[in-house]
Amino acid sequence: MLSENAVKEIGLIRNKYHDAQSSLLPALYVVQKEHGWLSPEALKEVGEILNVPKAEVKGVSTFYAMFRHRPIGRHLIQLCTNVACMIMGSESLLNILKERYGLEPNGTTGDGRFSLVVMECIGACGTAPAMLVDTDFHDNLTEERIVNILEKYK
Amino acid sequence: MEKFLLRNIENPNSTDINEYIKAGGYKALLKAVEMKPADIVSEVRKSGLRGRGGAGFPTGMKWAFASADPKKPRYMLCNADEGEPGTFKDRPILEKNPHLLIEGMIISGYALEAEYGYIYIRGEYPAAKDILDAAIKQAHEKGYLGDNVSGKGVRFHLYVHQGAGAYICGEETALIESLEGKRGQPRIKPPFPVNEGFLSKPTIINNVETLANIPYIIEIGADAYAEIGSPDCPGPKLYSVSGHVKRPGVYELPMGITLREIIYDHCGGIRGDKKLKAVIPGGISTPILPADAIDCPMDFVNMPKHGSMLGSGAVMVFDETVDLVKVCYRAIKFFEHESCGKCTPCREGVGWMRAILERISGGSGTAEDIDLLIEVSNNITGKTFCPLGDGAAMVVQNFVKNFRSEFEEKIH
């Protein structure tokens with residue numbers, strides 16, 4: 001069930017556009033922020049609010065890499081491995097995450113603390129390698145730095 | 001060169017509207033609303049400004065097409081979906097100078113008689129989204145946005161719309177689909193967005209950096225603006241430099257500066273004083289150049305004469321230690337991930353190229369693989385709705401053309 005707040009927020013978003021479906025992506029963000037992911041029930045509810053067929057809602061939400069369709073850990077690590085980050089050492093960072101936390105791409109740690117997603121370019125090529133943890137940018141990563149940074153996320 | 005696009009960004013409070021106004025901000029808007037909309041369009045046309053998103057299409061011409069279509073309402077969109085690997089030039093504007101973009105959008109909206117604007121920002125820039133939202137709120141409070149812009153009875157409402165991780169949405173018709181709440185799959189053109197775009201209405205889409213140039217053109221006039229940079233391709237340009245240079249980052253320099261000057265004069269040369277091996281000059285899709293080809297003027301007109309393209313001005317520098325076959329493989333893996341799946345040559349062909357490159361890179365390639373790779377790429381070029389497939393094919397063709405021996409060395 002979407003919270004009253006979420007429904008209200010979607011209603012406000014709806015006013016920014018001249019048609020209902022345009023508010024679909026922002027509405028999905030509202031739900032994902034609240035629940036951490038987009039369950040089939042949540043997709044159905046968003047579709048009902050915006051009067052968009054549920055097959056369309058699912059088709060749209062699964063098109064975009066940043067919408068999540070299963071539960072994730074408390075903190076989401078989005079590590080860039082595209083060319084600029086690759087040549088500056090993102091592979092060794094992937095190894096550290098595996099050794100230290102048992103984290104594989106698209107996986108979650110056993111204690112539910114971290115999930116890992118390997119990203120395409122996140123626009124931090126000048127300070128590569130880089131990652132987003134939740135919505136925080138961290139760049140100029142080294143094996144030591146990434147471990148220190150992650151210690152702050154409990 | 002005096003900075004305009006990155007003016008004031010060293011100020012720790014640069015996102016605050018009062019600081020922006022103190023540094024001369026919103027003066028161009030006040031000047032613009034005293035002009036006729038058509039005169040602003042001609043001024044932009046006269047300036048010679050070309051779109052900074054990658055294609056380099058003349059902005060004034062795009063605007064004139066939109067103005068000529070009587071359908072209303074019109075929409076003004078900003079493409080802030082900078083997803084081309086290597087590109088981070090728009091980020092300083094979005095995060096440090098948001099009012100410059102907002103001012104550019106209000107002037108553009110007024111010039112094109114569009115009352116609604118949307119900034120489509122990539123999901124990977126969550127901080128920039130919050131900064132823009134806060135800046136828009138401030139602009140409303142100061143009366144620069146809303147139903148009576150600067151007391152002149154002009155209407156302009158501006159919203160931020162967040163993408164969700166799809167490179168293809170940087171393509172303008174895919175961006176429109178995405179803004180309409182659909183899968184970001186490109187439309188066939190024509191009709192062009194200037195006639196039938198967002199919600200089938202005339203829609204002008206410009207890149208962040210393009211829009212950020214508009215206040216400058218109004219401020220100094222088209223004639224003075226046209227004096228900056230290259231004759232056929234004027235203005236300041238943001239170059240985002242990454243890879244093995246001593247000082248990577250975003251640089252505001254004139255159009256037409258050479259790649260060598262960017263790398264050696266501004267970025268301090270190659271790290272650890274190693275040898276330069278190759279440069280991708282304009283984002284991952286643009287043709288890779290060997291080290292001896294960097295005396296080329298970086299603008300939309302001259303780069304094609306030197307075997308590459310300006311693209312987004314994202315300079316990626318590779319030193320002698322880099323395995324270029326691996327870089328090529330990683331680049332194509334990216335395109336495979338980002339292909340929207342609509343056109344068969346791109347959807348299937350790019351995956352096929354990735355598989356061949358994976359083989360070669362992993363040491364199990366065969367003698368026929370390099371030619372097969374080129375054959376597959378030739379069957380993608382020109383056979384798709386949008387340039388994504390072309391981009392992937394171009395990457396493969398130019399890596400092989402310029403560095404064939406590296407591929408051959410991997411095949412035993």
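Each value, and the rule that gives it
Residues numbered from 1 in each chain as written. Chains lettered and ligands numbered in written order. Predicted model: local features only at pLDDT ≥ 70, side-chain atom pairs only at ≥ 80, totals over all residues. Heavy atoms only, no water. Axes fitted to C-alpha atoms, helices over the stretch in contact; angles between N-to-C directions. Helix = DSSP H or I, 4+ residues; strand = E, 2+ residues; numbered from the N terminus. Parallel < 35°, antiparallel > 145°, perpendicular 65-115°, else oblique. Left-handed = near helix turned anticlockwise from the far one by under 90°. Contact = heavy atoms within 4.5 Å. Nonpolar A, V, L, I, M, F, W, Y, C, P; charged D, E, K, R; others polar. Pairing = 2+ DSSP bridges. Buried area = accessible area lost by both parts, 1.4 Å probe. Salt bridge = Lys/Arg side-chain N within 4 Å of Asp/Glu carboxyl O. Phe/Tyr/Trp six-rings, centres within 6.5 Å; stacked < 30°, edge-to-face > 60°. Buried < 20%, exposed > 50% of the residue type's maximum accessible area, 1.4 Å probe, protein only. Lys NZ or Arg CZ within 6 Å of the ring centre and 35° of its normal. Domains from an automatic or database assignment. Polar contact = N/O pair within 3.5 Å; in protein donor to acceptor, adjacent residues only side chain to side chain.

The next subject is the packing of helix H13 (residues 344-361) of chain B against helix H15 (residues 387-409) of chain B. Residue and element names in this part refer to chain B. Contact geometry of H13 with H15 gives a least axis separation of 10 Å together with a crossing angle of 25°. When the axes of H13 and H15 are compared, the pair comes out roughly parallel. Handedness of the H13/H15 crossing: left-handed. Only Leu388, Gly389, Ala392, Ala393, Val396 and Phe407 of H15 make contact with H13, whose side of the interface consists of Cys346, Val350, Met353, Leu357 and Ile360. Looking at the contact of H13 with H15 residue by residue, the classes come out as 10 nonpolar, 1 polar and no charged.

Strand order in the open sheet formed by 5 strands is S9-S8-S12-S10-S11 (chain B), with mixed pairing between adjacent strands. The open sheet has two edge strands, strand S9 (249-254) and strand S11 (289-290) of chain B, and neither has a second partner.

This next bit is on the interface of chain B and chain A. Listed per partner, the contact involves 56 residues of chain B and 38 residues of chain A. Together, the buried faces of chain B and chain A total about 3600 Å²; carbon and sulfur atoms form 62% of this surface. Counting the surface chain B buries against chain A, the share from its top three residues, Ala164, Arg183 and Arg330 of chain B, is 17%. Joining chain B to chain A, the criterion identifies 2 salt bridges. Ionic pairing is found between Glu91 of chain A and Lys326 of chain B, a salt bridge with its closest N-O pair at 3.1 Å.

Next up on the list: the packing of aromatic side chains. According to the stated counting rule, one finds 16 aromatic pairs over all chains in the structure shown. Ring geometry for Tyr17 of chain A and Tyr118 of chain B: centres 5.2 Å apart, planes at 5°, overall stacked. Taken together, the positions of Tyr17 of chain A in the loop between helix H1 (4-14) and helix H2 (24-35) and Tyr118 of chain B in strand S2 (residues 116-121) put the pair across two chains. In this pair, the class of Tyr17 of chain A matches that of Tyr118 of chain B, namely buried. Between Phe4 of chain B and Tyr216 of chain B the ring centres are 4.1 Å apart and the planes differ by 10°, which places this aromatic pair in the stacked class. Taken together, the residues Phe4 of chain B in the segment before helix H1 (17-22) and Tyr216 of chain B in helix H9 (residues 208-220) connect sequence positions 212 residues apart. For Tyr216 of chain B, a relative accessible area of 10% translates into the label buried. When the ring centre of Phe137 of chain A is taken as origin, the NZ or CZ atom of Arg91 of chain B, which lies over that ring, is 3.9 Å away. The ring of Tyr125 of chain B has Arg122 of chain B sitting right over it, with the charged end atom 5.1 Å from the ring centre.

A few words now on the domain arrangement of chain B. Residues and elements named next belong to chain B. Along its sequence, chain B is carved into domain 1 (17-226), domain 2 (236-319) and domain 3 (324-409). Using only C-alpha atoms to locate each centre, domain 1 and domain 3 end up separated by 34 Å. Taken together, the 11 residues of domain 1 in the interface contact 10 residues of domain 3. Interface area, domain 1 with domain 3, both sides summed: about 870 Å², of which 73% is carbon and sulfur. The largest per-residue losses of area from domain 1 upon contact with domain 3 belong to Tyr167, Gln185 and Pro186, which jointly make up 52% of the total buried on that side. Between domain 1 and domain 3 we count 0 salt bridges in total. In this structure, the connection of domain 1 to domain 3 is made through 3 residue pairs in polar contact (both at pLDDT 80 or more). Looking at the side of domain 1 that touches domain 3 residue by residue, the classes come out as 6 nonpolar, 3 polar and 2 charged.

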